[in-house]
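Coordinate analysis (summary)
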Amino acid sequence: MKLIGVPLEQLLLCLLITSVLTFLFFYPAISDFGNTLLGVDDIHFFMWLFWHYGQSLESGSNPLLANETYYPYGVSLAASTITPLQGVLYLILPQAWGVFGRITFLQVLPFILGGVFAFALAYRFSGSFGPSLIASFIYNFSAFHFEKALHHLNYNMAMPFIPLFFLFYYESVSRPSKERPLLLLSLALLLTALCEFTVAIMIGFIIFLDICWRYLKDSGIDPLSVRNAPLIAASIIVSVVLFDGLAVLGAPLPLVYTVPSLSFIGTCLFLVLGKQNLIRCEKERRYLTDMAVCAAPLLIYALVLYLQPSYTFLADTVLGNYVAWSVPIDFVLWPSELQEISHAGIFTPLAASTESGVYLGPVILLLVVGSYLAGKAGEEEGYFRNMFWLCLLFAFPVVGIGDAIVAVTPFFVGPLFPMLGVLRDPSRFIMFALLFLSVAIALFCTRLRHGGKRWLSLAIAAALLVSVWPALWTFRFDTTVPGFYAQLAEDDSDARIFLYPNGNYYTMLEQTYYQTLHGKTLSVGTLSRLPKEGNELYRLYFYSETHLDAGEVAAIARRNGYDYMVVQKLRCDEISECFYGTPGTIDAEKLENVTRPLENEFGKPIYEDSTIIVYKIDAD
């Protein structure tokens with residue numbers, strides 16, 4: 001008997017091994033279930049998000065509209081880290097498990113599912129248990145997955161559905177049209193989007209490029225032939241010029257995002273492939289048509305999500321606001337001017353920093369090199385290896401190797417595909433790079449086994465486990481918050497707090513944690529997506545360290561009904577400082593330029609520690 005294309009007994013054995021390893025990896029949290037949580041940084045926000053879902057449903061309000069941390073304007077969470085599937089799972093889990101217990105379950109579940117689905121995808125091509133299990137280790141127990149489990153729960157939950165989608169996708173493209181598992185393919189895509197919408201967009205991007213490659217192959221066309229290579233080179237130059245020109249001239253962002261990409265893709269499709277070949281291939285294979293049908297539920301979901309108002313007081317949509325606020329990759333003229341849009345290293349130990357962990361550890365890199373040196377790779381192994389390099393190219397326009405060497409990949413990736421900047425962080429293409437690499441390595445290990453080197457496969461599996469084994473006990477969630485917030489827990493009122501100056505996202509995480517645990521509506525005025533138009537608070541979002549009109553600050557704060565002003569001593573001059581949890585402190589002289597006029601307006605602070613200063617705002 002087979003299930004998702006794998007003999008049931010082998011699938012159950014993989015499930016057992018994956019479950020045991022997951023238990024060992026998360027032992028600190030599982031052994032003290034409900035009382036200990038493994039997590040860093042953004043785990044605060046997801047705790048708050050689940051709390052927000054619950055209290056919204058209890059009150060009958062829209063869970064996509066948040067007013068607690070965006071007071072007084074309110075903002076849709078559709079363009080933020082929206083996780084409907086995970087939010088619903090959290091709410092239906094037993095409340096007796098507590099906040100920590102339910103989140104631990106949501107951290108562990110994707111590892112068990114991801115291990116099984118990645119195994120099934122590799123098994124479809126290798127047909128062998130051992131190599132498929134190695135593939136499962138590479139994808140499922142990568143440092144990238146651990147980072148997402150400890151940091152970004154939305155990407156963690158999406159990761160199992162990615163191999164499931166590609167399992168059905170490869171089944172679809174290898175079968176006659178009438179026998180394709182389109183319903184399962186559509187379901188896997190929708191489940192991915194319900195965990196993290198941008199991952200579904202990434203899938204669509206990869207699939208589109210893959211279909212173009214398949215049409216070129218079916219037509220017997222060599223993209224690097226004497227005729228086609230100049231056309232592709234010319235299309236690259238045109239796209240770079242278009243991108244630079246649009247960016248320099250200040251064209252609307254939707255044009256900057258789309259025109260260069262459409263120019264490049266259109267050239268490849270219509271000049272290299274040719275109109276007649278394109279029509280013939282689509283008529284015979286129906287790849288694009290079937291993928292469009294599969295994406296229909298996703299498009300409906302997107303319309304519901306992104307066409308609602310982004311603010312209660314502003315007549316625009318979430319989609320329009322999202323595009324307007326997205327930051328395009330800086331235009332590129334020379335390779336040396338590439339902006340580092342990835343914060344991921346390669347060899348940095350996981351115990352030092354989860355976000356820059358061993359995404360591609362030494363063992364995995366040696367396997368890639370070994371697969372080349374061994375030679376005689378089959379067509380499928382070469383295909384998955386090429387897909388790995390393609391996704392790695394998108395993930396790392398600039399690759400940091402250790403702390404000393406920087407390897408620059410071809411600089412035209414940004415100009416050719418500027419829409420990558422809309423996907424929040426292109427480094428998350430690494431999850432696809434790992435998936436395709438895992439199948440390529442499974443096929444490589446299958447070659448080793450057929451060559452009588454079964455022992456080498458076992459050694460590879462052991463080396464992979466040793467290389468990814470994380471020191472998770474170093475990531476016990478820290479529940480410490482400033483004493484000011486603890487004092488508010490004894491107050492029956494819901495305090496309205498304005499973070500000042502520069503109330504950025506990462507300095508708010510402790511406050512959102514407090515809000516979750518105590519169920520308080522601690523409104524904070526500024527976060528990351530307040531609009532410029534119609535928002536007087538925006539003027540206070542960026543402050544002057546040399547001049548401060550305390551009277552204006554006080555008037556705006558009182559007019560908007562704030563009870564406290566919290567001045568933050570910590571500041572991130574670079575976003576990476578906040579991201580890595582290493583913010584600096586405001587210079588003492590600059591801090592005094594802020595606090596002195598505030599004291600003249602509000603009086604002495606009612607609370608101060610090494611991170612914040614708190615002023616009480618009394619009504620006029």
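See the structure above.
Residues numbered from 1 in each chain as written. Predicted model: local features only at pLDDT ≥ 70, side-chain atom pairs only at ≥ 80, totals over all residues. Heavy atoms only, no water.

Comments concerning the overall build of the chain
For the chain, the helix and strand inventory stands at 27 helices and 12 strands. Taken over 620 residues, the chain has a buried fraction of 55%. Long-range pairs, those at least 24 residues apart, make up 75% of the contacts in the chain with a sequence separation of at least 6. Within the structure as shown, the chain displays about 26000 Å² of accessible surface, and the carbon and sulfur contribution to it stands at 63%. (Helix = DSSP H or I, 4+ residues; strand = E, 2+ residues; numbered from the N terminus. Buried < 20%, exposed > 50% of the residue type's maximum accessible area, 1.4 Å probe, protein only. Contact = heavy atoms within 4.5 Å. Areas by Shrake-Rupley, 256 points an atom, 1.4 Å probe, with all protein chains shown as cover.)

Overview of helix 4 (residues 84-92)
When we look at burial in helix 4, the residues that qualify are Gln86, Gly87 and Tyr90. Buried residues along helix 4 cover an arc of 100° about the axis, so they all sit on one side. Its buried side turned inward, helix 4 meets helix 3 (43-59), helix 5 (98-126) and helix 8 (153-158). (Arc of directions from axis to C-beta.)

Points about the nonpolar core
With 141 residues, the main nonpolar core has Phe166, Tyr169, Tyr170, Phe432 and Phe436 as its most contacted residues. Per element, the largest residue contribution to this core is 15 residues, and it comes from helix 20 (residues 430-450). Each residue touching tyrosine 169, except ones within four places of it in the same chain, is listed here: Leu185, Ile207, Asp210, Ile211, Arg214 and Met291. Core analysis: the second largest hydrophobic core is formed by 15 residues, Tyr562, Met565, Val594 and Tyr615 among them. (Core = buried A, V, L, I, M, F, W, Y, C linked by side-chain atoms within 4.5 Å.)

Quick word on the pattern of salt bridges
A complete count under the given rule lists nine salt bridges for this structure. Note that arginine 214 and aspartate 210 form a salt bridge whose closest N and O atoms lie 2.7 Å from each other. Here arginine 214 pairs with aspartate 210, and both are found in helix 11 (residues 197-218), just four residues apart, close to one helical turn. There is no split in this pair, since arginine 214 and aspartate 210 are both buried. Put simply, arginine 447 and glutamate 381 hold a salt bridge, and the shortest N to O gap is 2.7 Å. You can see arginine 447 sitting in helix 20 and its partner glutamate 381 sitting in helix 18 (residues 379-395), a full 66 residues away along the chain. A relative accessible area of 21% places arginine 447 in the partly exposed class. Put simply, Glu381, Arg385 and Arg447 are held in one network by salt bridges that share partners. (Salt bridge = Lys/Arg side-chain N within 4 Å of Asp/Glu carboxyl O.)

Here we look at helix 6 (residues 129-140)
Between its terminal C-alpha atoms helix 6 stretches 16 Å, which fits the 16 Å expected from 12 residues at 1.5 Å a residue. When you tally the buried positions in helix 6, you get 10 out of 12 residues, the bulk of the element. Taken residue by residue, helix 6 has Pro131, Ser132, Leu133, Ile134, Ala135, Ser136, Phe137, Ile138, Tyr139 and Asn140 as its buried positions. (Expected span 1.5 Å × (residues − 1).)

Some thoughts on the pairing of strand 8 (residues 564-568)
With five of five residues buried, strand 8 lies mostly within the body of the structure. By the alternation rule, side chains of strand 8 split into Tyr564, Val566 and Gln568 and Met565 and Val567, which are all buried. Here strand 8 pairs with strand 12 (residues 612-616) via five bridges, running antiparallel. Within the sheet, the bridge partner assigned to methionine 565 lies in strand 12 and is tyrosine 615. (Pairing = 2+ DSSP bridges.)

Considerations on the environment of leucine 305
Tracing the chain through its elements places leucine 305 in helix 15 (residues 296-306). Given the relative accessible area of 3%, leucine 305 is considered buried. With 227 residues separating them in the primary sequence, leucine 305 and alanine 78 have C-alpha atoms 5.9 Å apart.

Some remarks on the side chain of serine 186
Mapped onto the elements of the fold, serine 186 is located in helix 10 (residues 182-195). Serine 186 gets classed as buried once you look at its relative accessible area, which sits at 11%. There is a polar contact of 2.8 Å between the side chain of serine 186 and the backbone oxygen of cysteine 294. Setting aside its immediate chain neighbours within four residues, serine 186 contacts Cys294 and Pro297. (Polar contact = N/O pair within 3.5 Å; in protein donor to acceptor, adjacent residues only side chain to side chain.)

With respect to the environment of valine 116
Its location among the elements puts valine 116 in helix 5. For the pair valine 116 and leucine 16, spaced 100 residues apart in the sequence, the C-alpha separation amounts to 9.5 Å. Not counting residues up to four positions away in its chain, the partners in contact with valine 116 are Leu11, Cys14 and Leu15.

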